[in-house]
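As a plain string of letters, each chain reads:
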Amino acid sequence: AKFNATLFRTTLQYRLSDFIALQPGVEINREGASGQRIKGTPVINDYAFFASAEIKPFSILKLRPGLRLIKNSVYNAPAAVPSLNAMLNLTQQLDLRVGYGRGFRAPALRELYFDFFDASHSIMGNENLKAEKSNSFDASLTWSAIRKSSLQLTTTLAGFYNQFYDRIEYGQYENDPTITTLINISKYKTTGFSLDNTFNYRDLQLNFGFSYIGRYNELTQGSFASEVPQFSWTPEFFSNIIYTLRKVKGSVSLAFKH
């Protein structure tokens, strides 16, 4: 099976004033496939015009609105996909960031037309897949507790919430449960928060933190709604230590994750 992709992307950066900067751009993406495991010789073309701006109405506030216009040769893309990000300097040491983004993803050719069967695999593409859409929200609070030349300490508390429609995921083929295929999940959500700490002292860097991630439980849509929680939560602890060896121009690191 052969896949080929061609991508063209160009952007222009233009500063109107000290308060406003613009970045328009164009993107063209062509994807094609052929071979014995491909149904036919499909081609998908994707055209997009996008623009973002950075606006500083005040010295402590920075806004970054964005807009993406999409034309897909196979799927009806939304007329416009917007996004908005903002950063507020609460103090010299404390920054608040918030953001929203609307998402759209058309299925890739391999998800639509690629069939893979051998002694240990039974995977079949799904030509009837719908495009995936989403809404994403995030926020973070960053505290630069110490900012010196040889000593720095930064703590970031972040949270997010993602809402997906027609999410593309692997599942069982309707007519034969022994075959794996791709399906659309009508509703799916993820949410969570993380606490990340970074400590730098000369040649030593220490990063450690904690995250708590919730994934939507599909059983809440059916008759089991009263028996299962809406989200399944997973905690994670992580740490990373890096020491730079200047004489040999290298570094030694130790990572831990649970």
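Keep in mind that what you see is a predicted model, and the values were worked out from it rather than measured.

Scoring rules and cut-offs
- Residues numbered from 1 in each chain as written.
- Predicted model: local features only at pLDDT ≥ 70, side-chain atom pairs only at ≥ 80, totals over all residues.
- Heavy atoms only, no water.
- Helix = DSSP H or I, 4+ residues; strand = E, 2+ residues; numbered from the N terminus.
- Rg over C-alpha atoms; globule rule 2.2 N^0.38 Å.
- Buried < 20%, exposed > 50% of the residue type's maximum accessible area, 1.4 Å probe, protein only.
- Contact = heavy atoms within 4.5 Å.
- Pairing = 2+ DSSP bridges.
- Salt bridge = Lys/Arg side-chain N within 4 Å of Asp/Glu carboxyl O.

Quick look at the overall build of the protein chain
Within the protein chain, the secondary structure is distributed over one helix and 15 strands. For 258 residues, the compact-globule formula gives about 18 Å, and the C-alpha radius of gyration of the protein chain, at 23 Å, lies well above that figure. Seen through its principal axes, the protein chain has C-alpha atoms that stretch 65 × 50 × 50 Å. Evaluated residue by residue, the protein chain yields a buried proportion of 29% over its 258 residues. Long-range pairs, those at least 24 residues apart, make up 50% of the contacts in the protein chain between residues at least 6 apart in sequence.

Describing the pairing of strand S5 (residues 61–72)
Bridge analysis of strand S4 (residues 43–58) against S5 gives nine bridges, and the strand direction is antiparallel. The residue of S5 that forms the bridge with Ile-55 is Leu-63. Between S4 and the antiparallel strand that follows it, S5, lie two residues. Bridging between S5 and strand S6 (residues 81–89) involves eight bridges; their strand directions are antiparallel. By the bridge assignment for S6, Lys-62 is matched with Met-87.

A few points about the pattern of salt bridges
Tallying each qualifying case throughout the model produces eight salt bridges. Of the charged contacts, one joins Arg-68 and Glu-27 as a salt bridge, the two residues approaching to 2.9 Å between their closest N and O atoms. Placement of the pair is Arg-68 in strand S5 and Glu-27 in strand S3 (residues 20–34), with a sequence separation of 41 residues. When the shortest N-O distance is used, the salt bridge between Arg-64 and Glu-54 registers 2.4 Å. Placement of Arg-64 in strand S5 and of Glu-54 in strand S4 is noted, with a sequence separation of ten residues between them. Judged by its relative accessible area of 19%, Glu-54 is buried.

Any functional reading would require information that these geometric values do not contain.
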